[in-house]
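Residues per chain, in single letters:
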Protein chains: 2
Amino acid sequence: MDSQPDDTGIPEAMEAPERRRFLKTAALGLAGASLAPAVWAQGSPDAPPPIPDWMKIPGADTAANPYGLPSLHEGHVVRKLSVAKQAQSASSRTPLEKLDGILTPNGLFYERHHAGVPDIDPAQHRLMVHGLVERPLVFSMADLRRFPSVNRIHVLECSGNQNFSYKDKVTAGDIMGLVSCAEWTGVPLRTVLEEAGIKPGAKWVVAEGADAAAMTRSIPLEKCLDDVLLVYSQNGERLRPEQGYPLRILVPGYEGNMSVKWLRSLQLREEPIYSREETSKYTDLMPDGTAREFTFVMEAKSIITYPSGGQKLDGPGFHEISGLAWSGSGKIERVEVSTDSGQTWTDARLQGPVLPICMTRFRHAWQWDGTPTTILSRAIDETGYVQPDLQTILDARGRNSTYHNHAIQPWIINENGKVSNALA
Amino acid sequence: MDSQPDDTGIPEAMEAPERRRFLKTAALGLAGASLAPAVWAQGSPDAPPPIPDWMKIPGADTAANPYGLPSLHEGHVVRKLSVAKQAQSASSRTPLEKLDGILTPNGLFYERHHAGVPDIDPAQHRLMVHGLVERPLVFSMADLRRFPSVNRIHVLECSGNQNFSYKDKVTAGDIMGLVSCAEWTGVPLRTVLEEAGIKPGAKWVVAEGADAAAMTRSIPLEKCLDDVLLVYSQNGERLRPEQGYPLRILVPGYEGNMSVKWLRSLQLREEPIYSREETSKYTDLMPDGTAREFTFVMEAKSIITYPSGGQKLDGPGFHEISGLAWSGSGKIERVEVSTDSGQTWTDARLQGPVLPICMTRFRHAWQWDGTPTTILSRAIDETGYVQPDLQTILDARGRNSTYHNHAIQPWIINENGKVSNALA
């Protein structure tokens, strides 16, 4: 089990054998709280819970849904449009606070489209590789599947995720749901570029999508030769239409809009192309009127998903704080949690395996004494970068830009256990 | 990137720079083959592929499906009923040959039900922990979610997967599709058992499901205290109904039927309960008339998914052989591939991270010269166990039992590139 390490989460302060009894009413202040498990019939083992109705009749057919769906009881777990009535140039958010683990199911993977979701026939789809190459080439999907492939588990995040507008944002998903994580399968872009032959002088690769926006971004050639993939599958199955079916580029750790979907063209050039999407959008206006351009890397970030905005603690006692951390620069090294409004910080446990540019689940055992407080988390990645607080970012970059906010997210817990966004 | 290791899959025999050109017609014998990428307009860059229709109109709305679905072009990628007209006590298979990576999307995760899929209200569902415990307890789902949790990526496999009946089985999914792999989130069973207090003498935990079959299996207490989980989420979201919503037990590495779904009762006992499912079923009848009982561990296994039965190689030249390997006993140590009908074997590359009791994707670069052959793979796990061939298993165990076949799967490739099941 050494590759999936973690510890048991037992609070250090609880001594054996009592420390094992998380929900014990006396030890944990849960007396009268409805969440303590019932002691079965107070020693009368003749009175188990009644046989439920669903044991009395056969259930639904096997493969009634040859492609299955979640339980109807989970119908509220869906993606949420960020801004209503902008359905084609718009985004939808992953409900981070309703999910566990590190992977995002494809049905809940966040979306950001600039001209809606095209319906592409994979048999007709082509990828052009041209510009500063020895042999301009046109690939069908079958051609691309002939190349040696790799899998990677990577996080993908919109550069506008979190932005600086906290008003009316209640849940973790509302605030930071333009991020998701999946296993990707595809061809290293390096292999395909070398098939075409890179000409001297090529320094940038311009990726263009086959959507009506012809979404276009310039990517440094050096990055393309490192870890960029041409992806056709996600979480085991072929890409979903919203994720670029049948082909997208995946630029690990860089802002999500560079991972161009419905990829149709890769042009090698000496200079970036300065497309609409890298001039009018996706540059960061600074307080002095200058703009930061090509701010590719997504910084280290974290968010507590339990307890988080819109949730309610059912009472004082033991609660496992849980959340997600990630960085565009590599692995998460540590996540620190504060339960006293930022006065003191403690290392959270990281769930293994901890992978580079990947969601990392952190957990922290906590005894809530019932008094109001603010809880926070901050990520530290393997480069040593420490996730800053909002004021630090505003002091450095101002509030003109909507991109690359990666501030610590504080959650207020009131005396009733209700959790709310401290930045709203 | 050290935690997601692999190499590029470049065949050693191909020298730089030519070795980089996988699809080069002259080097790889692909002259005239339709799969070589087109050289774009023979040096006339003014004639790119035409603008496709789907770039000329805006696409579908963002979040048109708040819970997304695969592309309609992938409608054939579904689970397949193993035996028609046995819809409630039946199984459905994962289409392994149509998937990439190691994870199985929840919509395609294999099914095995003994009395159909119950529709359980999670608010009403209860788990009893009783028998040889200090404090018999009844847990709601909310109670269980209060405990410290862990994530694990594990394979799950039906003990009847593969069995000994190869007739009419064409594809990898047909033969071996009662296996899938997912990220699971839940509570270590050890934590819950220690909450109830284990009485001296307890040696087995009997798990019972809340389906109409009251599916019941005995699990050794030692295993329960090691790595068994009470699982409520799979691949990030809550369990699907077919996978035991809202609660199942997950017994890593043991035959799938022990990971009882819709879990309602855990009874601690001195002896196993010898339920119907561990006497009339899930014992292995040997040639001498004795039965092997409690054959828990799923042995090391592998299968090539490309090229595999029902597929067709589009011509001689470079092909990347790809497949899946797993073992109930720990990590996959090596996978060997033979492309000459078993005369010689070569180590395949393993895609990292290689995790214990988890699917491992292997790949092997191959130059097919166009002559008929048989290709095979065999897994070796970290205990040193080597996946045997069918005859070795039949010699040892006979053909009376349908369980625990884990024989090497040979695929015949004929002169036209057509792939078929050598054991059919």
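Conventions adopted
Residues numbered from 1 in each chain as written. Chains lettered and ligands numbered in written order. Predicted model: local features only at pLDDT ≥ 70, side-chain atom pairs only at ≥ 80, totals over all residues. Heavy atoms only, no water. Helix = DSSP H or I, 4+ residues; strand = E, 2+ residues; numbered from the N terminus. Contact = heavy atoms within 4.5 Å. Buried area = accessible area lost by both parts, 1.4 Å probe. Salt bridge = Lys/Arg side-chain N within 4 Å of Asp/Glu carboxyl O. Polar contact = N/O pair within 3.5 Å; in protein donor to acceptor, adjacent residues only side chain to side chain. Nonpolar A, V, L, I, M, F, W, Y, C, P; charged D, E, K, R; others polar. Least-squares fit on C-alpha atoms with pLDDT ≥ 70 in both. Pairing = 2+ DSSP bridges. Buried < 20%, exposed > 50% of the residue type's maximum accessible area, 1.4 Å probe, protein only. Disulfide = S-S within 2.5 Å.

> Would you mind showing me how to read the environment of A:Pro241 here?
Relative to the elements of secondary structure, A:Pro241 occurs in the loop between strand 12 (237-238) and strand 13 (248-250). Separated by 21 residues in the primary sequence, A:Pro241 and A:Trp262 place their C-alpha atoms 8.5 Å from one another. In this structure, A:Pro241 is in contact with A:Val117, A:Trp262, B:Leu69, B:Pro70 and B:Ser71, ignoring residues within four places of it in sequence.

> What am I meant to see in the interface of chain A and chain B here?
One frequently used descriptor of interface size is the decrease in accessible area upon assembly of the parts. Opposite the 131 residues of chain A that make contact, chain B presents 131 residues. Here chain A meets chain B over a buried area of about 11300 Å², counting both sides, of which 57% is carbon and sulfur. Joining chain A to chain B, the criterion identifies four salt bridges. The partner of B:Arg238 in a salt bridge is A:Asp100, with the nearest N and O atoms 3.1 Å apart. Our enumeration of links across chain A and chain B arrives at 48 residue pairs in polar contact (both at pLDDT 80 or more). Within the side of chain A that touches chain B, the residues separate by chemical class into 64 nonpolar, 33 polar and 34 charged.

> In this structure, what is going on with the relation of the copies chain A and chain B? I would like to understand it.
There are two copies of the chain, and a rotation about an axis plus a shift along that axis relates them. Mapping chain A onto chain B calls for a rotation angle of 180° and an axial translation of 0.0 Å; the resulting RMSD is 0.0 Å. Considering both components of the superposition, the chain copies are consistent with a two-fold axis. Within chain A, A:Pro105 has its C-alpha nearest the rotation axis, a separation of 3.7 Å. Most of the interface of chain A is mirrored in chain B, where 100% of its interface residues again form contacts.

> Would you explain the sheet that holds strand 18 (residues 317-326) of chain B in this entry?
Strands belonging to one sheet form pairs held by backbone hydrogen bonds; the direction of such a pair is parallel or antiparallel. All names here are of chain B. Strand order in this open sheet of four strands is 17-18-22-21, and the pairing throughout is antiparallel. Unpaired on one side and paired on the other, strand 17 (301-306) and strand 21 (349-350) mark the two borders of the sheet. Note: strand 18 against strand 22 (residues 360-368), nine bridges, orientation antiparallel. Along strand 22, the bridge assignment pairs Ile 321 with His 364.

> Just to check I follow, could you spell out the pairing of strand 22 of chain B for this structure?
Note on strand geometry: in a regular strand, side chains alternate between the two faces of the sheet. Residues and elements named next belong to chain B. For strand 22, a buried count of seven out of nine residues is recorded, marking the element as mostly surrounded by other parts of the structure. Relative to strand 22, strand 21 runs antiparallel, the two being bridged by two bridges. By the bridge assignment for strand 22, Arg 349 is matched with Arg 363.

> Sorry if this is basic, but what is going on with the sheet that holds strand 23 (residues 373-381) of chain A here?
Residue and element names in this part refer to chain A. Strand order in the open sheet formed by five strands is 20-19-23-24-25, with antiparallel pairing between adjacent strands. Either end of the sheet is taken by a strand with one partner, and the two such strands are strand 20 (346-347) and strand 25 (419-421). Where strand 24 (residues 411-413) and strand 25 come together, three bridges link them in antiparallel fashion. The residue of strand 25 that forms the bridge with Ile 412 is Ser 420.

> I tried to follow the state of the cysteines on my own but got confused; where do I start?
Cysteine pairs can be covalently joined through their sulfur atoms, and such a bond is termed a disulfide. Summed over the entire model, instances satisfying the criterion amount to zero disulfides over all chains. For A:Cys224, which is in no disulfide, the shortest distance to another cysteine sulfur is to A:Cys158 and amounts to 20 Å. In this structure B:Cys358 is a free cysteine whose sulfur lies 3.9 Å from that of B:Cys181, the closest cysteine sulfur available. Overall, B:Cys358 belongs to the buried group, its relative accessible area being 1%.

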